[in-house]
Amino acid sequence: MRRFSLAAIAVALSAPAHTQESNASTEPTPFQVSKSVQLLTGDTWRDGDRLFHLYGVQSCLRGTIAEEAGGRKIDCGNASLAHLAALFDGTAITCQPIGYALDEAAFVICGAQLKGETIDVGTALISTGYAFAATTVKGKAVNGNYLVAELDAKSKRRGLWNTRFQHPVQLLLKRISER
């Protein structure tokens, strides 16, 4: 399984989008997410040979621990993954590619149809406390709205914020600084 790093996100955002000819047939177009995708993390999935990553979203890292108040330990990344799976399973998701990483993974912004309204998938995951606002390698939030959603979830102790865990963005930034 391939993991995204903040460095890959920063490179993709600072570089021009995937080189494409500028005719309408090669422009990225919105697509509906298939129900048969392979979810890799709480922010990344594979559909066939294509890899997708929610833009501006960082899920908890698989294999890291979140400890509940009673001492019960859970896999933080699996908790993030379960919430993405529930959202993908429970509603139609439409995504718009907005850029590409060096490994050709598409960064996407996605909307979900819930009760007749479209909600932003990143906001839904972050505001419930099961994902976080991704940052650049300098620690600046990629999407300010996502940071606001994260701070709100944290202040209300929603989702993973009701446990003790290592924040995934801090872990990734630490790994980058150690290289």
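A quick note: this is a predicted structure, and the numbers were derived from the prediction, not measured.

Turning our attention to the nonpolar core. Membership of the largest hydrophobic core comes to 24 residues, with the highest contact counts inside it found for Trp45, Leu54, Ile93, Val108, Cys110 and Val121. At the level of secondary structure, the elements contributing two or more residues to this core comprise strand S4 (50-54), helix H2 (76-90), strand S8 (93-100), strand S9 (106-114), helix H3 (121-127), strand S11 (131-133) and helix H4 (144-155). Among the nonpolar cores identified, the runner-up in size contains 11 residues, and Ile74, Tyr130, Phe132 and Leu160 belong to it.

Next up on the list: the state of the cysteines. This structure, assessed with the given rule, holds 2 disulfides. Each disulfide pairs two cysteine sulfurs, and for cysteine 60 the partner residue is cysteine 76, the sulfurs being separated by 1.8 Å. Measuring handedness by torsion sign, the sulfur bridge of cysteine 60 and cysteine 76 sits at about 80° and is right-handed. Residue cysteine 60 is found in the loop between strand S5 (57-59) and strand S6 (65-67), and its partner cysteine 76 is found in helix H2; the two are separated by 16 residues along the sequence.

Moving on, we come to the packing of aromatic side chains. Here the structure, examined in full by the defined rule, presents 6 aromatic pairs. Ring geometry for phenylalanine 132 against tryptophan 161: centres 5.6 Å apart, planes inclined by 80°, an arrangement best described as edge-to-face. Here phenylalanine 132 is found in strand S11, whereas its partner tryptophan 161 is found in the loop between H4 and strand S12 (164-165), with 29 residues between them in sequence. Classification of phenylalanine 132 as buried rests on a relative accessible area of 0%. Overall, the relative accessible area of 9% leaves tryptophan 161 in the buried class.

Moving on: the sheet that holds S6. Read from one edge to the other, the open sheet built from 3 strands follows the order S7-S6-S12, with strand pairing classed as antiparallel. Single-partner strands in this sheet number two, and they are strand S7 (73-75) and S12. Bridge count for S6 against S7 is 3 bridges, and the pairing is antiparallel. The partner of glutamate 67 across the bridge, within S7, is lysine 73. Seen against the sheet, H2 touches S6, S7 and S12 and runs at an angle of roughly 60° to S7.

Time to look at the pattern of salt bridges. A full pass over the atoms with the stated rule returns 4 salt bridges. Put simply, arginine 164 and glutamate 67 hold a salt bridge, and the shortest N to O gap is 3.0 Å. One end of the pair, arginine 164, is in strand S12; the other, glutamate 67, is in strand S6, and 97 residues separate them in sequence. A residue is classified by how much of its surface remains accessible, and glutamate 67, at 22% relative accessible area, is partly exposed. With a shortest N-O distance of 2.9 Å, arginine 158 and aspartate 152 are connected by a salt bridge. Each member of the salt-bridge network shares a partner with another, and the members are Asp152, Lys156 and Arg158.

Quick notes on the rules
Residues numbered from 1 in each chain as written. Predicted model: local features only at pLDDT ≥ 70, side-chain atom pairs only at ≥ 80, totals over all residues. Heavy atoms only, no water. Core = buried A, V, L, I, M, F, W, Y, C linked by side-chain atoms within 4.5 Å. Buried < 20%, exposed > 50% of the residue type's maximum accessible area, 1.4 Å probe, protein only. Helix = DSSP H or I, 4+ residues; strand = E, 2+ residues; numbered from the N terminus. Disulfide = S-S within 2.5 Å. Phe/Tyr/Trp six-rings, centres within 6.5 Å; stacked < 30°, edge-to-face > 60°. Pairing = 2+ DSSP bridges. Contact = heavy atoms within 4.5 Å. Axes fitted to C-alpha atoms, helices over the stretch in contact; angles between N-to-C directions. Salt bridge = Lys/Arg side-chain N within 4 Å of Asp/Glu carboxyl O.

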